[in-house]
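Notes for the structure review
If you want the building blocks of each chain, they are given just below.
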Amino acid sequence: MAVSVRFSISLPALNGVLAVYLFCLNMLAAQGWADVQAALWPALVFAALGWLVSLSGRLVFKAFWTLNLLVAAGAVFAKSQYHILISEDILLSALTSESELTAEMVSAKSVLFVLAAGGLPAVLLWLAKIRPQPWQRRLLQSGVCAAAALLAAGGIVYAKGYTFRSKGSIRDSRFMGDVFRFSPPDVYYNGQRARKAFRDIKHNYAHIEKMSQKHRYQNTEDDLLIVFIIGESTRGDRFSLNGYPRNTNPQLAQIPHVYSFKNAQSCDTLTINSVHCLVSPMLKSSPDRIPRQSSFGEVLHSLGYRTEIYALQTLAGFYGGYLAYDKLVSKYQIVAEQKSGAWDAALLPYLRRAVAEYRGGRELIILHTLGSHQTYADRLPPEYRTFRPYCTNPDVAKCSKQELDNAYDNTVLAVDALLAESIRILSNKKALLVYVSDHGESLGENGDYFHGKPVAVAPKEQFSIPFLVWFSDKYRAMEQGRAFAGRVQAALSDGRTVSHDNIFHSVLGCAGVQTADGGIDAGLNICAPATQQ
């Protein structure tokens, strides 16, 4: 007598089985109990979605789960094998510059894993005999299960105490960090962000004039490590190095040959506009902030510099389309890997590793910080919360002036620590470090807060930025490096006013890049001889 092995199962029950399997599959990439807990509520939300899809019928349900099993299997393989997150940067890199990473992931081992972990369950899904149910019963079962899953997920989210901005937009990086622990939602979310960034790259940067093709640049340094640090919302007039009465630079003040310009201004009051100014020949006086010429990163890349970017911001289109990187790691991956919150100190392990692996040659490392961006108390670990009491309310207008100043000055202490430690990491290398913030910040002066006012009416505080340069001992031991340091010191002694206008020309100039056809404006190059300025 024949014995049937095809068990029948209802769609709601099958969804429960698949949801549990998907959660277990994701646990192969978990690196501890914290990852398991983080993935729980996204898994419940996804299970609820599956129960709702089951109302559409077996074919739609099976197609839905087939796609998600295969995508999840591929993502879990990448996360468990390479210890990465499926971030926007990873997916964008696959579309732009890091084809080697994509090639490594698409290996025989990865194909076998996807077939076993995603393909086999999908085949079994299509072979499964679905038990017929009246639609009213299926609606009741699926509806109750979906509601229960969403209630449970909501309870977990509430218990975690995420902090959101108004209108539901995300401020707490832990929220997306938890989403990134569960596939395939991380793939879909970051995939659409990567596609948008890729379109932006092609649309906004496709017709940019490449400075390396317009001008003939030449290297005079075969071995140089450049670290360029982009600050965020940090004011130059809050640096004690620049005369601020409070000691906000206790560590930098102890380091010799740190050159800090007291009178530095940004070109704009918004990050997305300022970053184009501070890496390109674009001037503050330009009629708009549409990038038309390439960055110093593009020029250095054309001269053989390898570029690595470690960023706590998510301007993937800018990094890929404008700075010409070889490696990019940004916000959510850094936060998740370091498990330290969105603090600038989380960038230091990446800098240490990159410098330790540096074996000479030409290399550019860019760190993009969160600096002094509101909410100020969230920008730094407890050890830098020196000035008390400090404001913790996102609505800073409700804080006293003393609390607001204390909170902001604490962020400057954290910036000081980041820069000082970066210099210490570079101390035994032939290196150049440049730090500049994207714009300033209003702290209640004349009733203004934050930044982003139109340039024509923005207060001076929103343009006040730090601009700091440091040459390592090994660089200053060279005749050219010593000359550069002397010229920067002379510019400081003269009280020169500088701005984002100077950055493109000064990074290239202080790195020993030369051109005879106008590719570097000597008047804006702080390392140029005084006779040329």
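Computed from a predicted structure; not experimentally measured. (Residues numbered from 1 in each chain as written. Predicted model: local features only at pLDDT ≥ 70, side-chain atom pairs only at ≥ 80, totals over all residues. Heavy atoms only, no water.)

Right, let's get into the packing of helix α1 (residues 11-26) against helix α2 (residues 33-53). The axes of two packed helices give the description: the angle between them and the distance between them. Packing of α1 against α2 brings their axes to within 10 Å, and their N-to-C directions diverge by 155°. The orientation of α1 with respect to α2, classified from their angle, is roughly antiparallel. Between α1 and α2 the crossing geometry is right-handed. Residues Pro12, Asn15, Gly16, Ala19, Leu22 and Phe23 of α1 form the contact with α2, whose own contacting residues are Val36, Ala39, Leu40, Ala43, Phe46, Ala47, Gly50 and Trp51. Looking at the contact of α1 with α2 residue by residue, the class counts come to 11 nonpolar, 3 polar and no charged. (Axes fitted to C-alpha atoms, helices over the stretch in contact; angles between N-to-C directions. Helix = DSSP H or I, 4+ residues; strand = E, 2+ residues; numbered from the N terminus. Parallel < 35°, antiparallel > 145°, perpendicular 65-115°, else oblique. Left-handed = near helix turned anticlockwise from the far one by under 90°. Contact = heavy atoms within 4.5 Å. Nonpolar A, V, L, I, M, F, W, Y, C, P; charged D, E, K, R; others polar.)

Summed over the entire model, instances satisfying the criterion amount to 19 aromatic pairs. Relative to Phe175, the ring of Tyr162 lies with its centre 5.2 Å away and its plane at 80°, an arrangement referred to as edge-to-face. Residue Tyr162 is found in the loop between α7 (135-160) and α8 (173-179), and its partner Phe175 is found in helix α8; the two are separated by 13 residues along the sequence. Of the aromatic side chains, those joined through ring pairs into one cluster are Phe46, Phe64, Trp65 and Phe182. A cation over an aromatic ring shows up here: Arg246 above the ring of Phe387, its NZ or CZ 4.0 Å from the ring centre. (Phe/Tyr/Trp six-rings, centres within 6.5 Å; stacked < 30°, edge-to-face > 60°. Lys NZ or Arg CZ within 6 Å of the ring centre and 35° of its normal.)

This part takes up the side chain of Asp409. Within the element layout of this structure, Asp409 appears in helix α16 (residues 401-426). For Asp409, a relative accessible area of 0% gives the class buried. Within the structure, Asp409 has its side chain in polar contact with the side chain of Arg238 (distance 2.9 Å). With sequence-adjacent residues up to four places away left out, Asp409 is seen in contact with Arg238, Tyr244, Arg246, Thr248 and Phe387. (Buried < 20%, exposed > 50% of the residue type's maximum accessible area, 1.4 Å probe, protein only. Polar contact = N/O pair within 3.5 Å; in protein donor to acceptor, adjacent residues only side chain to side chain.)

Of all hydrophobic cores here, the largest spans 53 residues; its most connected members are Phe228, Phe296 and Phe471. Examining the composition of this core, we find that 5 residues originate from one element, helix α19 (residues 503-510), more than from any other. If near-sequence neighbours (up to four positions away) are discounted, Phe296 is found in contact with Phe228, Leu278, Val279, Leu364, Ile503, Phe504, Val507 and Leu508. (Core = buried A, V, L, I, M, F, W, Y, C linked by side-chain atoms within 4.5 Å.)

Extensive coverage of α19 is indicated by the burial of 8 of its 8 residues. All buried positions along α19 are accounted for by Ile503, Phe504, His505, Ser506, Val507, Leu508, Gly509 and Cys510.

Attention now goes to the sheet that holds strand β13 (residues 467-471). One open sheet holds the 7 strands; their spatial order is β5-β13-β10-β4-β9-β7-β8, and the pairing between them is mixed. Either end of the sheet is taken by a strand with one partner, and the two such strands are β5 (258-261) and β8 (327-329). Averaged over all neighbouring strand pairs, the angle between strand axes comes to 10°, with direction disregarded. As judged from the 6 bridges shared by strand β7 (residues 306-311) and strand β9 (residues 362-368), these two strands associate in the parallel manner. Across the sheet, residue Tyr310 finds its bridge partner in β9, namely Leu367. On the sheet, α16 packs against β4 (224-231), β5, β9, β10 (431-437) and β13 and is oriented at approximately 165° with respect to β10. (Pairing = 2+ DSSP bridges.)

For the rest of this paragraph, the subject is the state of the cysteines. As enumerated under the stated definition, the model contains 3 disulfides in all. Disulfide pairing is shown between Cys391 and Cys399; the S-S distance is 2.0 Å. Classification of the bridge connecting Cys391 and Cys399 rests on its S-S torsion, roughly 60°, and on that basis the disulfide is right-handed. Neither Cys391 nor Cys399 differs from the other in exposure class; each is buried. There is a disulfide in this structure between Cys510 and Cys527, and the S-S distance comes to 1.9 Å. On the S-S bond that ties Cys510 to Cys527, the torsion sits near 95°, and the link is right-handed. Here the residue Cys510 occupies a position in helix α19, and Cys527 occupies one in the segment after β15 (513-515), the gap between them amounting to 17 residues. Grouping residues by exposure puts Cys510 and Cys527 together as buried. By sequence order of its bonded cysteines, the protein chain has the disulfide arrangement 1-2, 3-4, 5-6. For Cys24, which is in no disulfide, the shortest distance to another cysteine sulfur is to Cys145 and amounts to 18 Å. For Cys24, a relative accessible area of 45% puts it in the partly exposed group. Residue Cys145 is classed as partly exposed on the basis of its relative accessible area of 28%. (Disulfide = S-S within 2.5 Å.)

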